[in-house]
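Analysis of the macromolecular model
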Amino acid sequence: MKTLSTEEEAAASLRRDPRVKSRLREFLVTDNFVNFLYIPRAYFIAGLALAAAVGFFEYREGWGLSFWWNIPVYLLALITVGASQHQLAGAVHEAVHHTLFKNRKLNEIVSDWFCSFPILTSTYQFRLYHLAHHQ
């Protein structure tokens, strides 16, 4: 039989404490308003990064900067857009668990059209893959 470390014992006793469970439930409440703002924010950040990069590429030569400045600007835009896509994937994850919005149909529609399809997947496909991980 495996013996638990002090940290594992403390974590196990916290999980059994009903006060901790009720406090954690407060964090699991679905907030439609915040989640409606979360998705456009990801698009805004990605769009801003792309617009800034394109503007830089357009005006770089006029500012007297060498071509090599394009590389760090391109990489920064790439990382920023990738982070925004990751945020959209996080929203899909919440929709898979039916916690993005309180209404299940709204969960599916918003998740598919505004989060999944732009990153070339669907909520259904992600659900099949992800729920297998929970088993």
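Shown above is the structure to which this text applies.
Conventions adopted
- Residues numbered from 1 in each chain as written.
- Predicted model: local features only at pLDDT ≥ 70, side-chain atom pairs only at ≥ 80, totals over all residues.
- Heavy atoms only, no water.
- Helix = DSSP H or I, 4+ residues; strand = E, 2+ residues; numbered from the N terminus.
- Rg over C-alpha atoms; globule rule 2.2 N^0.38 Å.
- Buried < 20%, exposed > 50% of the residue type's maximum accessible area, 1.4 Å probe, protein only.
- Contact = heavy atoms within 4.5 Å.
- Areas by Shrake-Rupley, 256 points an atom, 1.4 Å probe, with all protein chains shown as cover.
- Lys, Arg positive; Asp, Glu negative; His and termini not counted.
- Charge placed at Lys NZ, Arg CZ, Asp CG, Glu CD.
- Phe/Tyr/Trp six-rings, centres within 6.5 Å; stacked < 30°, edge-to-face > 60°.
- Patch = residues over 30% accessible without salt bridge, like charges linked within 9 Å, V, L, I, M, F, W, Y side chains within 5 Å.
- Salt bridge = Lys/Arg side-chain N within 4 Å of Asp/Glu carboxyl O.
- Polar contact = N/O pair within 3.5 Å; in protein donor to acceptor, adjacent residues only side chain to side chain.
- Axes fitted to C-alpha atoms, helices over the stretch in contact; angles between N-to-C directions.
- Parallel < 35°, antiparallel > 145°, perpendicular 65-115°, else oblique.
- Left-handed = near helix turned anticlockwise from the far one by under 90°.
- Nonpolar A, V, L, I, M, F, W, Y, C, P; charged D, E, K, R; others polar.
- Core = buried A, V, L, I, M, F, W, Y, C linked by side-chain atoms within 4.5 Å.

Before going further, it helps to spend a moment on the overall build of the chain. Along its length, the chain carries 6 helices and 0 strands. N-terminal to C-terminal, the α/β element order of the chain is α-α-α-α-α-α. Against the globule reference of 14 Å for 135 residues, the chain gives a C-alpha radius of gyration of 21 Å, more extended than a compact globule. Projected onto the principal axes, the alpha-carbon positions of the chain cover approximately 70 × 40 × 25 Å. Expressed as a percentage of its 135 residues, the buried residues of the chain come to 24%. The long-range share in the chain, meaning contacts at least 24 apart out of those at least 6 apart in sequence, stands at 59%. Accessible surface for the chain amounts to roughly 10,200 Å². Of this, 66% is attributable to carbon and sulfur atoms. In the chain, 13 positive and 11 negative side-chain charges are present, and the distance between their average locations comes to 8 Å.

This paragraph deals with the packing of aromatic side chains. All told, the structure shown has 7 aromatic pairs when counted by the stated rule. Between F36 and F101 the ring centres are 4.5 Å apart and the planes differ by 35 degrees, which places this aromatic pair in the tilted class. A residue pair is termed long-range when its members are at least 10 positions apart, and F36 in helix 3 (residues 32-59) and F101 in the loop between helix 4 (70-96) and helix 5 (104-116) qualify at 65 residues. Ring geometry for F67 against W68: centres 5.7 Å apart, planes inclined by 75 degrees, an arrangement best described as edge-to-face.

So, on to a nonpolar patch on the surface. Side chains of F57, F67, W68, I71, Y74, L75 and L78 sit close together on the surface and give an oily, nonpolar patch of about 750 Å² of accessible area. For the nonpolar patch, the element with the highest residue contribution is helix 4, accounting for 4 residues.

Taken as a whole, this structure holds 1 salt bridge when the rule is applied. When the shortest N-O distance is used, the salt bridge between R127 and E108 registers 2.6 Å. You can see R127 sitting in helix 6 (residues 123-134) and its partner E108 sitting in helix 5, a full 19 residues away along the chain.

A separate point is the side chain of T30. Mapped onto the elements of the fold, T30 is located in the loop between helix 2 (18-27) and helix 3. Within the structure, the side chain of T30 is placed 3.4 Å from the backbone oxygen of T99, a separation counted as a polar contact. Setting aside residues no more than four positions away along its own chain, T30 makes contact with N35, T99, L100, F101 and K102.

Next up on the list: the packing of helix 3 against helix 4. Helix 4 packs onto helix 3 with a crossing angle of 165 degrees between their chain directions and a minimal axis gap of 9 Å. The orientation of helix 3 with respect to helix 4, classified from their angle, is roughly antiparallel. Two packed elements cross with a definite hand, and for helix 3 against helix 4 that hand is left-handed. Contact residues: Y38, I39, R41, A42, Y43, I45, A46, A49, L50, A53, F56 and F57 in helix 3; N70, V73, Y74, A77, T80, V81, S84, Q87, L88 and A91 in helix 4. Among the residues making up the contact of helix 3 with helix 4, the classes are represented as 17 nonpolar, 4 polar and 1 charged.

Turning next to the nonpolar core. Counting 11 residues, the largest nonpolar core consists of I39, A42, L88, A91, V92, A95, V96, L100, F101, V110 and C115. For this core, the element with the highest residue contribution is helix 4, accounting for 5 residues. In this structure V96 touches T123, F126, R127, H130 and L131, once residues within four positions along its chain are discounted.

Following both chains from N to C, one finds helix 3 and helix 5 inclined at 5 degrees, their axes separated by 12 Å at the closest point. Between helix 3 and helix 5, the crossing angle belongs to the class labelled roughly parallel. Within the contact between the two elements, helix 3 uses F36, I39 and Y43 and helix 5 uses L106, V110, F114 and C115. Residue composition of the contact of helix 3 with helix 5, grouped by class: 7 nonpolar, no polar and no charged.

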